[in-house]
Amino acid sequence: RLARGSSRAALVWRQSGAGRSVRITGVTAPLLVAVLLGAVGAGAVGWLGSSGGAVGSAALVEPGDVAHLPFDVALLDLGVSLVLLIAGSLAIGTAVTAPTAVRVTVRRPVVVGFGRRLPPASDLGVRAATTGPSAVVLLVGGIAAVTMVSATAVFTVNLTTLIDDPTRYGWPWDATVMVGFGYGGSDDEAIVEALDRDDIERWGFAALSPVTMAGRTVAGIGARQGFDQLGTPVLRGRYPTGADEIAVGRQTLEELDLEIGDEVEVSSFYGGGTATISGVVVLPALGPYGSNRAESGRGVLLGESFYASLVATAESDAGLEPGSLEATGLTSVVAIEVADGVDPAELLTDLGDRRSWDRNGFESHPVSSPVRPSALDEAAALRGVPLALGGVLAATMAGGLALGVAIATHARRRELALLRALGCSARDLRRSVRWHALSVVTGALVVGLPLGVAAGRTATRAFLADLGVADVVTIPVASLVSVALVAALAALLASIGPARSAAAMPTSTGAAG
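Going along each chain's sequence as written, the residues are numbered from 1 onward. A pLDDT threshold of at least 70 governs which residues receive local features in this predicted model, and a stricter bar of 80 or more applies before side-chain atom pairs are shown or counted, although totals over entire chains, interfaces and linings include all residues. Water and hydrogen atoms were dropped before computing side-chain values, which therefore reflect all heavy atoms in the structure.

> Any chance you could explain the pattern of salt bridges here in plain terms?
Two side chains with opposite charge may pair up if their charged atoms get near one another. Here a salt bridge means any side-chain nitrogen of Lys or Arg lying within 4 Å of a carboxyl oxygen belonging to Asp or Glu. Applying the stated criterion across every chain, the model contains 14 salt bridges. Two residues, Asp 199 and Arg 197, come together in a salt bridge whose shortest N-O distance is 2.8 Å. Here Arg 216 and Glu 255 are joined by a salt bridge, their closest N and O atoms 3.9 Å apart. Residue Arg 216 is located in strand 3 (residues 216–223), and its partner Glu 255 is located in helix 8 (residues 250–255); the two are separated by 39 residues in the primary sequence. On the accessibility criterion, Arg 216 (39% relative accessible area) is partly exposed. A relative accessible area of 39% means that Glu 255 is categorised as partly exposed. Several salt bridges share partner residues, and in doing so they unite Asp 188, Arg 224 and Glu 326 into one network. Strands here are runs of E lasting at least two residues and helices are runs of H or I lasting at least four, both read from the DSSP assignment and numbered beginning at the N terminus. With a 1.4 Å probe rolled over the protein chains alone, any residue whose accessible area is under 20% of its type maximum counts as buried; one over 50% counts as exposed, and the rest are partly exposed.

Printed below as a string of structure tokens:
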């Protein structure tokens, strides 16, 4: 379609005595340049997303039983694609330069009405951006680029917001201490005494243990003293406070095909019982060393009352005195919320030797920063990749726009020369080309921004739901405004060269056309 716009130029060259090979070269040269630039860009993006690029090398890749494409086959595929594209370009150029290929068609504008309020030169610039197949191709390409860039902006901003808010992924406290490598053996009295400080706002204990629920083993967190006050995020339902209540992660609820209010049999190392699911919560990424751990969307939270009843039942079934298991030290995790202005790392250092916290004399392991779920951690390591891809798309849009405006301006040379002959100044001609470029970008923004926001919201919601956190998506207005401003700037920059060419065009070009 772009080459078809050069058919009139081919006719002029033919009338000027240019040979067939010269005409074919003149028509196909821009197409071949576009093909080569597209191949280079596609190869760069493909390498970036491959196992040898930045994406694949950022995380451990397990080949498994997945079939892989050999490198030589990939190169052969690229070579065949280039040959086919080059052959297609030559075929198009040959067809366009044929004597019978020049046809006069009535071009209908895509958008009418607005340009009528502008000066004639600017009006023709708007019409050039909205009239004919080449204008449609350029507009569709701009819409696709704006859609991808704005969708990337929505996803990246919401990912950054999630990473910067640990409470959303189940870590509402500031510092953590693992006792007995997550297997318990705590001295709760010694821990409580050590935490009785003015720089500590509140604290809570929890036990970590695998739990069998509905026939499947899942990572479990048993709430103990103070844990209920730390503010575990609740997505649906309510926090488990009753003597027979538990809460689960979103993925665990779906995988077990359960609903809020269902009763389920729960068993653990400390005993079992029947529990009612009171809600869906976001669990912290916690687990004993060398064992499965709970994550934001996976695992089960045993309410403090239900966990205490499990322990009491286990003691009764084993014929033990009440409090016998409690005396062994059931706490595996100490969660600490510090006072305002207190550095969690400095607090953990100031607590000194924590061997007294463990009945077996082991050093309790401190964690001064939130632990992200594995999926979020990988996404955080790669959050620069979407921005890089967005930048590639933006650069591609700018290059395509510059090429499209240049080709369209060349095709309009007769029109521009006639305007010059009718008294339009060089400034008017430059303004016409600028209006052409800005009209293309405006149309791309009007359609592409809503599509990009919708696509970004959909992708972000799917990611958050799979992560098991609240799927609240914010619209980054500032980022979208920046996209619009950058697109407008790209249009102005892309029009500089063609505008200068149009302003320097002699009036004799109109007669030659």
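Still to come is the rest of the account.
> Is there a simple way to explain the side chain of Ser 364 in this structure?
By secondary structure assignment, the location of Ser 364 is in the loop between helix 11 (344–350) and strand 10 (365–367). If we ignore the near neighbours within four places in the chain, the residues touching Ser 364 are Val 177, Met 178, Val 179, Arg 354, Trp 357 and Asp 358. Here a residue-residue contact requires only that any non-hydrogen atoms of the pair lie within 4.5 Å.

> I keep staring at unusual backbone geometry and nothing clicks. Help me out?
Trans peptide bonds make up the majority, and among non-glycine residues the majority have a negative phi. Although it is not a glycine, Ala 214 sits at a positive phi angle of roughly 55°. Within the element layout of this structure, Ala 214 appears in the loop between strand 2 (200–213) and strand 3. According to the relative accessible area criterion, Ala 214 is partly exposed, its value standing at 43%. Even without being glycine, Asp 257 reaches a positive phi, approximately 55°. Within the secondary structure, Asp 257 is located in the loop between helix 8 and strand 6 (263–268). The exposure class assigned to Asp 257 is exposed, which follows from its relative accessible area of 68%.

> Is there a simple way to think about the nonpolar core in this case?
Most often, soluble globular proteins have nonpolar side chains that are buried together. In these notes, a set of buried Ala, Val, Leu, Ile, Met, Phe, Trp, Tyr and Cys residues joined through side-chain atoms within 4.5 Å is what counts as a nonpolar core. Phe 227 and Leu 301 are the most contacted members of the largest nonpolar core, which has 33 residues in total. Elements supplying a minimum of two residues to this core: helix 6 (132–163), strand 2, strand 3, strand 9 (333–338), helix 12 (374–381) and helix 15 (426–467). Per-element accounting of this core gives the leading share, 4 residues, to helix 6. Filtering out sequence-adjacent residues up to four positions away, Phe 227 remains in contact with Trp 173, Gly 204, Phe 205, Ala 206, Ile 221, Thr 232, Tyr 239 and Leu 301.

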